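Here is what each chain is made of, one letter per residue.
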Amino acid sequence: MLPRSFLVLAWVCPLLAACSVSEPDADRTLKLPFWVSDEFTPSGYMGDGSQDNVITMHVDDASCHVRPADARGSCFRFDYRAPATGSVGWGGVYFQAPPNNWGNLPGKRIAPGAKQIRLKAAGVTGTELATFRVGGLSGMDDSGAPYPNADSFQAEQSFALTTDLAEYVVPLPTGQTYDRVLGGFAWTLLAPADQAPIALYLDDVHWE
């Protein structure tokens, strides 16, 4: 499953090329805290996002919400316009390691002790209902057989966004280990009933 629609400003990533800042490494463990955009790539377009020209990504300070002075990592704007026909009612994007990995490859090893994901988010209209997820990534090959790798955990929280950039926290399961994480972060938005365009700002997404 490949991303269908990119508009990337100031960060160019060839569609079929691996372009995360650092690839999974059997001998490397990510230390906490770390910023998701440094280690995982927003390549897993889901739901309506699997169709062309439905979800468009911008990675550029000029397209972002006004960034807090202490923000780190990349800031994003995702525009989502549900298709006129054939909508499944939602769309979203997984940040994957390596890019486009739905389980055919192992993910990243993360040090024990992670308690939560902290991020800043806002909507363009203030009517967006967003779900933020960590883990939960698995997939099947063309024959319908499950891939050999999958996340062993999932945590998610849903929030009604406003137009102001606010902080949100997704708690992680207690006592969980993160030996090979494929989906370092994901977001989904519900499609509006009137199919009006909506958008999501993301910033400062990190594990801690």
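Residues numbered from 1 in each chain as written. Predicted model: local features only at pLDDT ≥ 70, side-chain atom pairs only at ≥ 80, totals over all residues. Heavy atoms only, no water.

Student: I keep staring at the packing of aromatic side chains and nothing clicks. Help me out?
Tutor: In this description, a pair of aromatic rings is defined by centroid distance and the angle of the planes. Scanning the model with the defined rule gives 14 aromatic pairs in all. Where F34 meets F40, the ring centres are 6.4 Å apart and the plane angle is 25 degrees; that geometry is what we call stacked. The buried category is assigned to F34, whose relative accessible area is 6%. On the basis of relative accessibility, which here comes to 1%, the residue F40 falls in the buried class. Aromatic side chains Y178 and W207 sit 5.2 Å apart centroid to centroid with 90 degrees between the ring planes, which places their arrangement in the edge-to-face category. Of this pair, Y178 sits in strand 12 (residues 178-181) while W207 sits in strand 14 (residues 198-207), and the two are 29 residues apart along the sequence. Taken together, the ring pairs in this structure connect F76, F78, F95, F132, F159, Y168, F185 and W187 into an aromatic cluster. (Phe/Tyr/Trp six-rings, centres within 6.5 Å; stacked < 30°, edge-to-face > 60°. Buried < 20%, exposed > 50% of the residue type's maximum accessible area, 1.4 Å probe, protein only. Helix = DSSP H or I, 4+ residues; strand = E, 2+ residues; numbered from the N terminus.)

Student: I keep staring at the environment of L137 and nothing clicks. Help me out?
Tutor: You can see L137 is positioned in the loop between strand 9 (129-135) and strand 10 (154-160). The spacing of L137 and V181 is 44 residues in sequence and 8.6 Å in space, taken between C-alpha atoms. For L137, the contacting residues outside a window of four places in its chain are Y94, Q96, N101, W102, G103, A150, D151, L182 and G183. (Contact = heavy atoms within 4.5 Å.)

Student: Whenever I open this one, the state of the cysteines confuses me. Can you help?
Tutor: Working definition of a disulfide: a covalent bond connecting the sulfur atoms of two cysteines. This structure, assessed with the given rule, holds 1 disulfide. Across the disulfide from C64 sits C75; the S-S distance is 1.9 Å. One disulfide, between C64 and C75, carries an S-S torsion of 90 degrees and so falls in the right-handed class. In this pair, C64 is assigned in the loop between strand 4 (55-58) and strand 5 (76-80) and C75 in the loop between strand 4 and strand 5, connecting sequence segments 11 residues apart. For the residue pair C64 and C75, the accessibility class agrees, reading buried in each case. (Disulfide = S-S within 2.5 Å.)

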